[in-house]
Amino acid sequence: MNDGRRAGSRVARRVSRGLAGGERPGGRDPRGRRRPLRATPLRPFMLQVTQRKKKMKGIKKNLTEEHLYLDFSHQVEGCIFPLHTSVTLFLLSYCDCKIFKVCLVLTAESTDISLLKNVLSQDVEVHIISRQELPPIVQNCCLPAVVERPDNFCRAGLAVVLRHIIQKSHEADPSKKEILELLGFKKTCLKACAEVSQWTRLCELTIPLAIENFLKESCDQHPTIPAEILQLEKKLSEPVRVHNDDKLRRQKLKQQKAAGAGPAPAQEKAKGQTHRQEAPEELDSSSRSLELKVAFSKLTVQEDPAAPNREPSHIRRAGTSALPPLEHVFAEGLYFTLADLVLLPCIHHFLVIICRKLSERLVEFPLLAAWYQRVQEVPRVKTAASRCGIQFLRLPELPTTPSEQHPNVSETPGAEEHNDPLFIGGPRPTMTKLMEKGIEVMFSPHPCPAWTLDWNSLPAAVSPKEGKMSSDRALRKQQQLNNLVYVVTHQARPGDRIVDFCSGGGHVGIVLAHMLPSCQVTLIENKELSLIRAKKRSEELGLSNIWFIQANMEYFTGMFNIGVALHACGVATDMVIEQCIKTRASFVACPCCYGFVQNTSKFNFPKSEQFKKTLSYKEHMILCRFADQTAVQLPPQRRLTGKQCMCLVDLDRARAAEERGYSVQVISMEPESCSPKNNMIVGVPI
């Protein structure tokens, strides 16, 4: 009791310092007698603390308030179109996430919303709005999209939005670690943009779109099985590759040796994975394969079964080729990830039509059916599905056969290299071949090689030094920016819209927004942390003419006048030029990572008719590989050859743009030491 009174006296004395009148509660009177402690002076203190806590909670709530915008065209038999919206609502239900204000955006005024309540999660409050009510920044993007207040930071595209929902759900309740595990190993699930990752493209774009078309066809006729579904079935038959697969494969070999059998046939693995309604932790461990044990141990926070005691010597000495492959448990391999949640609503609606109209074709998808049954065993999946109006099917057991190449499954576009019996390796023969056709290394003159910004007079936040880099690198970055800023500022007109593609930390966009206050500058970048740093710098400068969009390039649909890209990697440079040509905008692009250039679903190389008539794809790739050999550590002659190859690759890009009505120059930045990748492609529509 005395200890409590002494502690109370100390608190009261601290409080008294902030009270007016000089009368101190507690302490001693002029005669030296101890004054009685009073509780009343503590009330303002307690009230102040309470008010401060309430205020802080309010601030936190305002900072985290975000609007989620989803397309809505129509709904058929429990399926919301487009499927991107169904997938997003399903994830919100799975994560039990209620921190977003969800808005369904009607694609047409005549859209019927009367039956929406049957397919919307009861736990998510949804607002119906028209497209005209979207914030201006969202009107320039494909949905789904998430916007922070104020409306100058937008995340667009399915993969980006879903990853953001997962991160915000975990931030709201850090105890839900299994939510963050959806992002997979190193948190990279569906992180790579769809333009360069076949897997992201399959999950994010092609499968949802293919299923939508399949469902539309099924209304009037017997639909055709989408090639993307066949591709997914084939992927599920491929061996799994994980970061510790050697360890797991040796454990599987030990398991097979102990059972006195060779590698377990695939149909035995599929058996026992269907028609199981028990929770994973209740399954008999003897009936589960090693892959299932590893997968469900992670889901149920059990001890990893793949971490046993040291293996016997004959298991340790087994060669890699003698180890059995790991088989798929979930879409990406052994672990349940965001990819499974993206695919589940799509595959469910596909299987509904298959069972109803094409039941004889179900046997063609044994692995897909087994995956579909297995995902239902994951905790909270059935609950989320029931909230969203999804009634899971009960599928029969399907026998599996050794995987074969399906005739309708197309290979990666451009992945193969055509055999050319006349091909001679190295860049010299290829360069000679071009010279014989009148195509030589040639740069346009620099318009003003000595021009530079007065960096010392600019605010500190404008300088690349604010981007957390060394002084030497910051100097080179300033030199690079001098080249781009000169060209853009001499092309820009008041009111122009300028887009900084692949903006990174915003070095280009922030300078342009500061130098051109009458222009609207938009930064587009796929990496969230880079954009957050850029936004912080712009806030320090008080810039009001700048937007930030975290998205893949193809999700930006706005009109603009000038497109800029500093060191866009590989085919990203070609994507920037293509975006500019579509909107008839000028472009200033500095390519990078020529070695990553290859045929994609959108581009084939060489690009221009002039180069196509002279070079094969393989010869063009030789130029790209040697174009990357320009580092300062290399011998001068090799650097010179690399510079020449860079020029030829960019001349092909320039010729292709000229064939589509542009005047294009390939310029070498000044000084050339500012970067090993110092080419600048400048295009203006004629």
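Quick caveat, the model's predicted, so the values are computed rather than measured.

Chemist: Could you clarify how one ought to interpret the packing of helix α17 (residues 471-491) against helix α18 (residues 507-515) in this entry?
Modeler: To describe two helices that pack against each other, one gives the angle between their axes and the distance between the axes. Interhelical geometry of α17 versus α18 gives an angle of 50° and a closest axis separation of 10 Å. Taken together, the axes of α17 and α18 lie oblique to each other. Where α17 crosses over α18, the handedness of that crossing is right-handed. Two secondary-structure elements touch here, α17 through K477, L481, L484, V485 and V488 and α18 through H507, V508, V511 and L512.

Chemist: I would appreciate a short explanation of helix α3 (residues 83-95) in the present structure.
Modeler: Within an α-helix, residues lying three or four positions from one another point in the same direction, as the helix has 3.6 residues per turn. Given a rise of 1.5 Å per residue, 13 residues ought to cover 18 Å, and the 18 Å separating the end C-alpha atoms of α3 matches this to within 8%. Along α3, 13 of the 13 residues are buried, which leaves the element largely enclosed by surrounding structure. Among the residues trailing α3, D96 stands out with phi positive, at a value near 55°.

Chemist: What is the right way to look at the sheet that holds strand β13 (residues 662-668) in this model?
Modeler: Adjacent strands of a sheet form backbone hydrogen bonds with each other and so pair up, either parallel or antiparallel. Taking strand neighbours across the sheet as the criterion, the 12 strands line up as β5-β4-β1-β6-β7-β10-β9-β8-β11-β12-β14-β13 in an open arrangement whose pairing is mixed. Where the open sheet ends on each side, the last strands, each with one partner, are β5 (126-130) and β13. Shown here is a sheet whose adjacent strand axes are inclined to one another by a mean of 20°, direction ignored. Pairing of strand β7 (residues 153-156) with strand β10 (residues 546-550), which is carried by 3 bridges, proceeds in the parallel orientation. Bridging across to β10, R155 finds its partner in Q550. In this fold α18 packs onto β8 (497-501), β9 (520-525), β10 and β11 (562-569), with an angle of close to 170° to the strand it touches most, β9.

Chemist: How should I be thinking about the nonpolar core in this particular structure?
Modeler: Across soluble globular proteins, nonpolar side chains have a tendency to be buried as a group. In terms of nonpolar packing, the biggest core is built from 80 residues, with Y94, F350 and W371 touching the most fellow members. In terms of residue count, helix α13 (residues 338-357) provides more of this core than any other element does, 12 residues in total. The contact partners of W371, leaving out residues within four places of it in the chain, are L236, V329, F330, A331, D340, L343, L344 and I347. By size, the runner-up hydrophobic cluster in this structure holds 62 residues, among which are C103, F556, A572 and A657.

Chemist: Just to check I follow, could you spell out the packing of aromatic side chains for this structure?
Modeler: The description of an aromatic ring pair uses the distance of the two centres, along with the angle that the planes make with each other. Summed over the entire model, instances satisfying the criterion amount to 11 aromatic pairs. Taking 6.2 Å as the distance between ring centres and 25° as the angle between the ring planes, the aromatic pair formed by F153 and F548 counts as stacked. Placement of the pair is F153 in strand β7 and F548 in strand β10, with a sequence separation of 395 residues. Like F153, the residue F548 is buried in the burial classification. Measuring from ring centre to ring centre gives 5.5 Å for F587 and Y662, while their planes differ by 35°; the resulting arrangement is tilted. Of this pair, F587 sits in strand β12 (residues 586-592) while Y662 sits in strand β13, and the two are 75 residues apart along the sequence. You can call F587 buried: its relative accessible area is 1%. Taken together, the ring pairs connect Y94, F330 and F336 into an aromatic cluster.

Chemist: Even after reading the chapter, I still don't get the pattern of salt bridges, so can you show me in this structure?
Modeler: A side chain of one charge can pair with a side chain of the opposite charge if their charged atoms are brought near each other. Evaluation of the coordinates by the stated rule reveals 21 salt bridges. With its nearest N and O atoms 3.5 Å apart, the salt bridge here joins K168 to E171. Taken together, the positions of K168 and E171, both in helix α5 (residues 158-172) and 3 residues apart, correspond to about one turn of that helix. When the shortest N-O distance is used, the salt bridge between R380 and E178 registers 2.8 Å. Remark: E178 occurs in helix α6 (residues 177-180) and R380 occurs in the loop between α14 (366-375) and α15 (381-387); sequence separation between them is 202 residues.

Chemist: I tried to follow the state of the cysteines on my own but got confused; where do I start?
Modeler: Two cysteines joined by a covalent bond between their sulfur atoms form a disulfide. As enumerated under the stated definition, the model contains 0 disulfides in all. Between C141, a free cysteine, and C154, which holds the nearest cysteine sulfur, the sulfur-to-sulfur gap is 4.1 Å.

Chemist: When you look at unusual backbone geometry in this model, what are you seeing that I'm missing?
Modeler: It is generally the case that most residues other than glycine have a negative phi and that most peptide bonds are trans. For the bond from F605 to P606, the omega torsion is -5°, close enough to zero to count as cis. Mapping P606 onto the fold places it in the loop between β12 and α21 (609-612). With an omega of -10°, the peptide bond running from E670 to P671 counts as cis. Tracing the chain through its elements places P671 in the loop between β13 and β14 (679-685). In this structure, K186 is a non-glycine residue whose phi angle is positive, near 60°. Here K186 shows up in the loop between α6 and α7 (198-218). Notably, R380 is not glycine yet its phi reads approximately 80°, a positive angle. Relative accessible area serves as the criterion here: at 33%, R380 is assigned to the partly exposed category.

Chemist: Teacher, can you tell me more about the environment of P208 here?
Modeler: Looking at where P208 falls in the secondary structure, it is placed in helix α7. You can call P208 buried: its relative accessible area is 1%. Considering only alpha carbons, one finds P208 and I347, 139 residues apart in sequence, at a separation of 9.0 Å. Non-local contacts of P208, meaning those with residues more than four positions away in its chain, are made with L83, H84, L202, C203 and C346.

Chemist: How should the side chain of E66 be read in this particular structure?
Modeler: Structurally, E66 can be placed in strand β1 (residues 66-72). Residue classification places E66 among the buried positions, given a relative accessible area of 1%. There is a polar contact of 2.7 Å between the side chain of E66 and the side chain of H164. Among residues more than four places away in sequence, those in contact with E66 are I99, F100, K101, V146, V147, E148, R155, H164 and K168.

Chemist: Even after reading the chapter, I still don't get the pairing of strand β6 (residues 145-148), so can you show me in this structure?
Modeler: The two faces of the sheet receive side chains in turn, since in a regular strand these alternate between them. The sheet contact formed by β1 and β6 spans 4 bridges and is antiparallel. Looking at β6, one finds that H67 is bridged to V147. Bridge count between β6 and β7: 4 bridges; the pairing is antiparallel. Bridge pairing in β7 links E148 to F153. The turn linking β6 back onto β7 is made up of 4 residues.

Chemist: I tried to follow the packing of α7 against helix α8 (residues 227-236) on my own but got confused; where do I start?
Modeler: It is at 9 Å that the axes of α7 and α8 come closest, and there the two elements cross at 140°. By the angle between their directions, the pair α7 and α8 is classed as oblique. Seen from α7, the contacting residues are W199, L202, T206, I207, A210 and I211; seen from α8, they are E228, I229, Q231, L232 and K235. Looking at the contact of α7 with α8 residue by residue, the class counts come to 7 nonpolar, 2 polar and 2 charged.

Chemist: Can you help me understand the confidence of the model for the chain in this one?
Modeler: Residues shown with low pLDDT carry predicted positions that ought not to be read at fine detail. Residues with a pLDDT of 70 or more make up 74% of the chain, whose mean pLDDT is 81. Scored below 50 in pLDDT, residues 36-63 shows 12 contacts in the model against residues more than four places distant or in partner chains.

Thresholds, definitions, all that
- Residues numbered from 1 in each chain as written.
- Predicted model: local features only at pLDDT ≥ 70, side-chain atom pairs only at ≥ 80, totals over all residues.
- Heavy atoms only, no water.
- Axes fitted to C-alpha atoms, helices over the stretch in contact; angles between N-to-C directions.
- Helix = DSSP H or I, 4+ residues; strand = E, 2+ residues; numbered from the N terminus.
- Parallel < 35°, antiparallel > 145°, perpendicular 65-115°, else oblique.
- Left-handed = near helix turned anticlockwise from the far one by under 90°.
- Contact = heavy atoms within 4.5 Å.
- Expected span 1.5 Å × (residues − 1).
- Buried < 20%, exposed > 50% of the residue type's maximum accessible area, 1.4 Å probe, protein only.
- Pairing = 2+ DSSP bridges.
- Core = buried A, V, L, I, M, F, W, Y, C linked by side-chain atoms within 4.5 Å.
- Phe/Tyr/Trp six-rings, centres within 6.5 Å; stacked < 30°, edge-to-face > 60°.
- Salt bridge = Lys/Arg side-chain N within 4 Å of Asp/Glu carboxyl O.
- Disulfide = S-S within 2.5 Å.
- Polar contact = N/O pair within 3.5 Å; in protein donor to acceptor, adjacent residues only side chain to side chain.
- Nonpolar A, V, L, I, M, F, W, Y, C, P; charged D, E, K, R; others polar.
- pLDDT = per-residue confidence, 0-100.

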